[in-house]
Each structure stands twice: as C-alpha cells, then as structure tokens.
Amino acid sequence: MSDGLWANIHAKRKRIKAGSGEKMRTPGSKGAPTDEAIARSQKTSKKKSPVSVATVGMLEKRGLTTPVMTPAWTRKEGQNPKGGLNAKGRASAKAQGSNLKAPVKSGTNPRRVSFACRFAGMKGPMKDKNGKPTRKALALKAWGFGSEEAARSFCQKHKKS
C-alpha cells in the first residue's frame, strides 16, 4: 500500500529540489491529483501539522478548506512585539484551556509578585547575538521590571513565605 497523496507530493518535491529534472504537474493536467483526491486525503490525514502559506494558497485556489493551523499563541501573530502575548494570543490559549490574563505593570498584585519570583531565577540572556532584547527581557519589561535584579528584589520584598 502506498504512503498516500501528500507523501507522494512531498517525495516528488524533494526529488525536484535535489535536481531530478522532474516538474510538478499543473492542476487539471493528466496525472495531476484531482480536487476530490486532495479533499479525500485531507479527511484521512492522521496528524494535523502546521501548514505552509504555499499549501494554504494552493488549497484556497482550488476552493478547498484549509487544514487546521497551529494556535495563534505559538505564532508571531499572537505574540506582542513588546513581550508576552497580545489579545489574540491570549484568546487562542484560552481556547485550549489556559486562563491567561494581561500583565500587571505596577503595584503588588499577587500575579505580579509570582511573575517576578519565576523570572528572577530564569536562565538565559537578556539580549540576543544581534543586540536585540530576547523574549525574556521583553516579558520582564511588559511586567514593569527593567532587569532580573529588579524582579528579584521585588520578589524578595513582597513574597509571602
């Protein structure tokens, strides 16, 4: 038994990339997968994986539904460029059962104290090799801390033992 339509498509793409000289058939040409074959392979797919933009575009051109994409909180569109998640990211995490709330930037809110205590001991650099702040540094800033040391001192001052 064959591996299936998508396995064949991926294998052919791999051979073409390696320089086999083959070409992908255009939709509708003889030997190309039909819309029904693609739809059927979508229904029988065993695993849902992230989908490339090219695959989504190809399916939309044929009027087919697109496969499920990864949750927004795992992609750039669900992350706040200033650190943490944006509203869309929090909503997608909530849909998966999480109960995330926006950062608390000031005061002695127990959530802010908990965040400070967790991040005060977190390993990893504050800047990447290009000098840009890492997600860790951005998250600390979003919660109102300029450094790990600031979070550590806040934690020690407000932690309930």
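In this report, the structure presented in the accompanying data block is examined. (Residues numbered from 1 in each chain as written. Predicted model: local features only at pLDDT ≥ 70, side-chain atom pairs only at ≥ 80, totals over all residues. Heavy atoms only, no water.)

Residues of helix α4 (residues 87-95) that are buried include every one of G89, S92 and A93, and no others. Projection of α4 onto a plane perpendicular to its axis shows the buried side chains occupying an angular sector of 100°, all on one side. Structural note: α4 exposes A87, K94 and A95 on the side pointing more than 90 degrees away from its buried face. Regarding α4, its N-cap is N86, as a side-chain oxygen of that residue lies 3.1 Å from the backbone nitrogen of K88 further along. Positive backbone phi, at 105°, marks G97, one or two positions downstream of α4. (Buried < 20%, exposed > 50% of the residue type's maximum accessible area, 1.4 Å probe, protein only. Helix = DSSP H or I, 4+ residues; strand = E, 2+ residues; numbered from the N terminus. Arc of directions from axis to C-beta. Polar contact = N/O pair within 3.5 Å; in protein donor to acceptor, adjacent residues only side chain to side chain.)

Along the chain, K12 falls in helix α1 (residues 5-17). What K12 contacts, discounting residues up to four positions off in sequence, is E22, K23, M24 and R25. (Contact = heavy atoms within 4.5 Å.)

Let us look at α1. For α1, with 13 residues, the first-to-last C-alpha span of 18 Å sits near the 18 Å given by 1.5 Å per residue. Directly after α1, the chain includes G19, whose backbone phi takes a positive value near 100°. (Expected span 1.5 Å × (residues − 1).)

Time to look at the pattern of salt bridges. The tally for this structure, following the rule as stated, stands at four salt bridges. Across the salt bridge formed by E22 and R15, the nearest N and O atoms sit 2.8 Å from each other. Of the charged contacts, one joins K88 and E77 as a salt bridge, the two residues approaching to 2.9 Å between their closest N and O atoms. With K88 in helix α4 and E77 in the loop between α3 (53-61) and α4, this residue pair connects regions lying eleven residues apart in the sequence. Owing to a relative accessible area of 40%, E77 belongs among the partly exposed residues under this scheme. (Salt bridge = Lys/Arg side-chain N within 4 Å of Asp/Glu carboxyl O.)

Scope: geometric values only; no functional claims are made or implied.
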